[in-house]
Amino acid sequence: MSEQQEPFLSVRDMHVTFGERRHRFEAVCGVSFDIRKGETFGLVGESGSGKTTIGRAILRIYPLSGGEVYFDGQRISGKIDKELDRRVTQRMQMIFQDPMASLNERAKVDYIVSEGLYNVARGISKEERERRVANALSEVGLLPEFASRFPHEFSGGQRQRIGIARALIMQPEFIVADEPISALDVSIRAQVLNLMAELQKKRGLTYLFISHDLSVMRFICDRIAVIHLGRLVELSETEELFRHPLHPYTQALLSAVPQPSPDCARRGELVAYDPSIHDYSVDQPVWTELVPGHFVLGNQKELEKYRKELK
């Protein structure tokens with residue numbers, strides 16, 4: 001993919017704050033990145049690092065306290081007109097982490113999958129709506145007759161497929177996949193990942209893939225951004241990140257990735273990340289592109305060290 005390609009989605013100096021007055025908490029602190037059309041962009045970090053908050057802020061579920069989000073050249077953060085809001089709702093969808101909690105237990109699959117159409121395609125007939133539901137279910141490997149059932153009648157993998165069908169029926173171009181396989185059995189995870197990859201090729205989808213599992217992200221992501229306590233610390237092409245992890249937090253995450261070989265696992269050393277190793281009292285860290293496509297957060301002393309490691 002060309003480095004000169006215009007970004008499909010741009011996040012610029014994003015800040016997201018929760019709470020009021022003395023109890024305010026900044027969950028996302030000045031995050032910036034671009035996502036190219038047709039790629040899978042990964043966002044990885046520990047629980048509570050701000051991954052899901054960024055995804056929901058992009059989709060306008062959470063308001064920004066600072067910064068901007070651009071989608072296909074248009075600003076979609078803050079106040080926008082109703083027509084643009086309707087288009088954004090249709091073009092951007094989300095696959096949620098928990099395939100059970102994200103589905104309405106009291107509704108049948110037919111309504112769950114087609115619920116978005118009631119807002120953006122109100123003029124379609126009942127027959128057309130049912131046809132679209134059947135097509136969406138078939139596309140994710142489920143039988144059309146499943147539309148008359150309730151969520152509790154399905155396995156975890158099937159429920160996640162229903163969640164994917166709910167997103168696909170809107171004909172989106174950009175999907176935020178928020179840890180879509182973390183609640184699934186290992187045997188089902190590969191099926192869902194392969195399904196998402198097939199749908200991306202078939203429909204030309206762009207993904208923001210959120211996860212804490214780097215081994216999964218290596219399989220599906222083109223580029224990966226590492227986030228710690230609401231700030232990006234490193235971003236690069238996937239294989240470049242695995243070959244040359246620069247930031248200590250990235251190195252700690254990679255050291256925790258399970259090894260398939262027992263011998264490799266025994267030889268591996270678990271690296272613990274200690275934030276106190278950074279001395280930012282005088283020299284503040286700066287988000288810097290050290291080599292084309294490889295960004296890292298660090299002060300001048302750390303950046304010089306990282307440059308030497310890349311040589």
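Report on the accompanying structure. (Residues numbered from 1 in each chain as written. Predicted model: local features only at pLDDT ≥ 70, side-chain atom pairs only at ≥ 80, totals over all residues. Heavy atoms only, no water.)

### Considerations on the overall build of the protein chain
Put simply, the test is: Put simply, DSSP marks the helices as runs of H or I at least four residues long and the strands as runs of E at least two long, and each gets a number from the N terminus on. Every radius of gyration here is taken over C-alpha atoms, with the globule rule written as 2.2 Å times N^0.38, N being the number of residues. Burial classification: accessible surface area is computed with a 1.4 Å probe over protein chains only, and a residue below 20% of its type maximum counts as buried, one above 50% as exposed, and the rest as partly exposed. Note on contacts: a residue pair qualifies if any of its non-hydrogen atoms lie within 4.5 Å across the two residues. All accessible-area figures derive from a Shrake-Rupley calculation using a 1.4 Å probe, and residue coverage is judged against the displayed protein chains alone. Charge counting follows a simple rule: Lys and Arg are positive, Asp and Glu are negative, and His as well as the terminal groups are ignored. Positions of charges follow a simple convention, taking NZ of Lys, CZ of Arg, CG of Asp or CD of Glu.
When you go through the protein chain residue by residue, the secondary structure sums to 12 helices and 12 strands. The C-alpha radius of gyration of the protein chain comes to 21 Å, within 12% of the 19 Å expected for a compact globule of 311 residues. In terms of its C-alpha atoms, the protein chain occupies a principal-axis envelope of roughly 65 × 50 × 45 Å. A burial count over the protein chain gives 47% of its 311 residues as buried. Considering only contacts in the protein chain between residues 6 or more positions apart, those separated by 24 or more positions represent 64%. Of the roughly 16,100 Å² of accessible surface on the protein chain, 49% is carried by carbon and sulfur atoms. The averaged location of the 43 negative side-chain charges in the protein chain is 4 Å from the averaged location of its 41 positive side-chain charges.

### A short note on the sheet that holds strand 12 (residues 294-298)
To keep it simple, the criterion reads: The pairing criterion is simple: DSSP has to find at least two bridges between the two strands. To define axes, lines are fitted to C-alpha atoms, for helices over the stretch in contact only, and angles between the resulting N-to-C directions are given on a 0 to 180 degree scale.
In spatial order, the strands read 6-7-8-3-9-10-12-11; together these 8 strands make up an open sheet with mixed pairing. For this open sheet the edge positions go to strand 6 (92-95) and strand 11 (286-291), each flanked by a neighbour on one side alone. Taken pair by pair, the neighbouring strands of this sheet meet at an average axis angle of 20°, ignoring direction. Two elements, strand 7 (residues 174-178) and strand 8 (residues 206-211), share 5 bridges in a ladder whose sense is parallel. Paired with Ile175 across the bridge in strand 8 is Tyr207. Taken strand by strand, helix 6 (residues 156-168) contacts strand 6 and strand 7, and its axis lies near 175° from that of strand 6. Where helix 10 (residues 248-255) meets the sheet, it contacts strand 9 (223-228) and strand 10 (231-237), and its direction lies at approximately 105° from that of strand 9.

### A few points about the packing of aromatic side chains
Worth spelling out the cut-off: Stacked, edge-to-face and tilted are the three classes for Phe, Tyr and Trp ring pairs, Trp counted by its six-membered ring, which pair at centre distances within 6.5 Å; planes under 30 degrees apart are stacked, over 60 edge-to-face, the rest tilted.
The tally for this structure, following the rule as stated, stands at 8 aromatic pairs. Ring geometry for Phe18 versus Tyr62: centroids 5.2 Å apart, planes at 85°, classification edge-to-face. Within this pair, whereas Phe18 is found in strand 1 (residues 7-18), its partner Tyr62 is found in the loop between helix 1 (51-58) and strand 4 (66-71), the two being separated by 44 residues in sequence. Judged by relative accessible area, which is 31%, Phe18 ranks as partly exposed. Judged by centre distance (5.8 Å) and plane angle (10°), the rings of Trp287 and Phe295 are stacked.

### As for the pattern of salt bridges
To keep things clear, this is the line we draw: The rule for a salt bridge is simple: a side-chain nitrogen of Lys or Arg has to be within 4 Å of a carboxyl oxygen of Asp or Glu.
Throughout the structure, instances matching the rule amount to 18 salt bridges. Arg12 is the partner of Asp34 in a salt bridge, and the nearest nitrogen-oxygen pair spans 2.7 Å. On the criterion of sequence distance, the pair formed by Asp34 in strand 2 (residues 25-36) and Arg12 in strand 1 is long-range, its members being 22 residues apart. Overall, Asp34 belongs to the partly exposed group, its relative accessible area being 26%. Of the charged contacts, one joins Lys37 and Glu173 as a salt bridge, the two residues approaching to 3.6 Å between their closest N and O atoms. Taken together, the positions of Lys37 in the loop between strand 2 and strand 3 (40-44) and Glu173 in the loop between helix 6 and strand 7 put the pair 136 residues apart, joining distant regions of the chain.

### Side note on helix 5 (residues 126-139)
Each turn of an α-helix holds 3.6 residues, which means side chains three or four residues apart point in the same direction. Stated formally: Multiply 1.5 Å by the residue count of a helix minus one, and that product is the helix's expected span. As used here, the arc is the angular range of directions from the helix axis to the C-beta atoms.
Helix length check: helix 5, at 14 residues, gives a terminal C-alpha distance of 20 Å against a target of 20 Å (1.5 Å per residue), a fit within 8%. If you check which residues of helix 5 are buried, you get Arg129, Val133, Ala136, Leu137 and Glu139. Angularly, the buried residues of helix 5 cover 160° about the axis, an arc narrow enough to put them on a single face. Those residues of helix 5 hidden inside the fold are in contact with helix 3 (109-114), helix 4 (117-120), helix 6 and helix 7 (186-203). Following helix 5 by one or two positions, Gly141 has its phi on the positive side, about 85°.

### Comments concerning the sheet that holds strand 2
Adjacent strands of a sheet form backbone hydrogen bonds with each other and so pair up, either parallel or antiparallel. In spatial order, the strands read 2-1-4-5; together these 4 strands make up an open sheet with antiparallel pairing. Whereas interior strands pair on both sides, the edge strands pair on one side only; in this sheet they are strand 2 and strand 5 (74-75). Examined bridge by bridge, strand 1 and strand 2 share 9 bridges and lie antiparallel to one another. Bridge pairing links Ser10 to Asp34 in strand 2. The strands touched by helix 1 within the sheet are strand 1, strand 2 and strand 4, with strand 1 carrying the most contacts at an inclination of about 115°.

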